[in-house]
Amino acid sequence: MPHESATEDDGFTEFAVAAWPRLVRTAQLLTGDFHEAEDLVQTTLAKVYARWRRVPRGEIDLYVRRALINNNLSRIRRKRVVHLLTPVLPESLRHTSAGHAEAVEQRTALLAALADLTARQRAVMVLRYWEDLTELEIASVLNCSIGTVKTHARRGMTALRAHPGLVTVPAPSLPAPTGARR
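Residues numbered from 1 in each chain as written. Predicted model: local features only at pLDDT ≥ 70, side-chain atom pairs only at ≥ 80, totals over all residues. Heavy atoms only, no water.

(A) Structural context of the overall build of the protein. A tally of helices and strands in the protein yields eight helices and zero strands. For the protein, buried positions account for 34% of its 182 residues. Long-range contacts, defined as pairs at least 24 residues apart, comprise 67% of the intrachain contacts of the protein with a sequence gap of at least 6. Of the roughly 12,200 Å² of accessible surface on the protein, 56% is carried by carbon and sulfur atoms. (Helix = DSSP H or I, 4+ residues; strand = E, 2+ residues; numbered from the N terminus. Buried < 20%, exposed > 50% of the residue type's maximum accessible area, 1.4 Å probe, protein only. Contact = heavy atoms within 4.5 Å. Areas by Shrake-Rupley, 256 points an atom, 1.4 Å probe, with all protein chains shown as cover.)

In structure tokens:
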């Protein structure tokens with residue numbers, strides 16, 4: 001009897017190969033660390049594979065995003081420790097160009113700012129502004145109401161705007177005031 005591995009997985013391998021880069025980028029924004037992101041995606045895909053035949057074909061992306069978010073929340077609950085993020089250098093330094101160092105600094109600042117958000121706020125911000133999902137789609141992924149999504153988005157955006165690492169325009173230096181009023 002011939003081995004039919006290509007048909008046995010019902011397209012899971014093709015999906016996993018195609019979705020891997022996107023899922024790792026999303027997971028990196030959720031975890032703040034490339035290696036943890038890869039572990040999170042691998043764990044998620046392993047769990048999805050176990051249920052692959054029961055996942056409705058029209059809801060695969062929703063199902064995998066929800067699994068990724070839930071696995072990340074479980075990972076955070078299990079660890080219950082503060083994660084210290086270290087900036088990750090780009091994969092190759094040969095792509096250096098004018099502004100490259102600034103782009104790396106901005107990315108590092110963004111990852112640090114995302115790490116300071118709660119897990120739910122971070123999930124909403126990543127799904128909204130990285131994955132470009134609507135509030136309704138995010139509510140479906142997170143299994144919560146649209147109002148909850150809006151609240152997390154508002155609070156997350158407020159926290160990001162106030163984060164000292166993301167202030168891009170330095171305040172102009174003003175001369176020290178003269179006179180008696182201080």
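After that view, the rundown keeps rolling.
(B) Summary view of the packing of aromatic side chains. Overall, the coordinates contain three aromatic pairs when judged by the stated rule. Note on phenylalanine 12 and tryptophan 52: the rings are 5.1 Å apart at their centroids and 75° apart in plane angle, and the pair reads as edge-to-face. You can see phenylalanine 12 sitting in helix H2 (residues 12-31) and its partner tryptophan 52 sitting in the loop between helix H3 (34-51) and helix H4 (60-79), a full 40 residues away along the chain. Like phenylalanine 12, the residue tryptophan 52 is buried in the burial classification. Centroid distance phenylalanine 15 to tryptophan 52: 5.5 Å. Interplanar angle 35°. Geometry classified as tilted. Here phenylalanine 15, found in helix H2, pairs with tryptophan 52, found in the loop between H3 and H4; they are 37 residues apart in sequence, far enough to count as distant. The pair phenylalanine 15 / tryptophan 52 is uniform in exposure class, with both members buried. Three or more aromatic residues link up through ring pairs in this structure, and these residues are Phe12, Phe15, Tyr49 and Trp52. For arginine 128, the ring lying beneath its charged end belongs to tyrosine 129, and the centroid distance is 5.8 Å. (Phe/Tyr/Trp six-rings, centres within 6.5 Å; stacked < 30°, edge-to-face > 60°. Lys NZ or Arg CZ within 6 Å of the ring centre and 35° of its normal.)

(C) Focus on the pattern of salt bridges. As enumerated under the stated definition, the model contains six salt bridges in all. Measuring nitrogen to oxygen at the nearest pair gives 3.8 Å for the salt bridge that ties arginine 22 to glutamate 131. Of this pair, arginine 22 sits in helix H2 while glutamate 131 sits in the loop between helix H6 (119-129) and helix H7 (135-142), placing them 109 residues apart in sequence. Look at glutamate 131 and you get buried, because its relative accessible area is 11%. (Salt bridge = Lys/Arg side-chain N within 4 Å of Asp/Glu carboxyl O.)

(D) Seen up close, the packing of H7 against helix H8 (residues 146-162). Put simply, H7 and H8 touch, their axes get as near as 8 Å, and they point 100° apart. Comparing their axes, H8 and H7 come out roughly perpendicular. Here H7 contributes Glu135, Leu136, Ile138 and Ala139 to the contact with H8, which in turn contributes Ile146, Val149 and Lys150. (Axes fitted to C-alpha atoms, helices over the stretch in contact; angles between N-to-C directions. Parallel < 35°, antiparallel > 145°, perpendicular 65-115°, else oblique.)

(E) Broad picture of the nonpolar core. In terms of nonpolar packing, the biggest core is built from 41 residues, with Ile69 and Leu142 touching the most fellow members. Among the secondary structure elements, those contributing two or more residues to this core are H2, H3, H4, helix H5 (100-115), H6, H7 and H8. Among the elements that take part in this core, H2 stands out by supplying nine residues, more than any other. Other than its neighbours up to four places away in sequence, isoleucine 69 contacts Leu30, Ala123, Leu127, Val141 and Leu142. (Core = buried A, V, L, I, M, F, W, Y, C linked by side-chain atoms within 4.5 Å.)

(F) Inspection of the side chain of aspartate 33 at higher detail. Mapping aspartate 33 onto the fold places it in the loop between H2 and H3. Of the buried charged residues, aspartate 33 lacks a salt bridge, with arginine 75 as the closest side chain of opposite charge at 7.9 Å. Here the side chain of aspartate 33 touches histidine 35 through a polar contact of 3.1 Å, landing on its backbone nitrogen. At 2.8 Å, the side chain of aspartate 33 forms a polar contact with the backbone nitrogen of glutamate 36. (Lys, Arg positive; Asp, Glu negative; His and termini not counted. Polar contact = N/O pair within 3.5 Å; in protein donor to acceptor, adjacent residues only side chain to side chain.)

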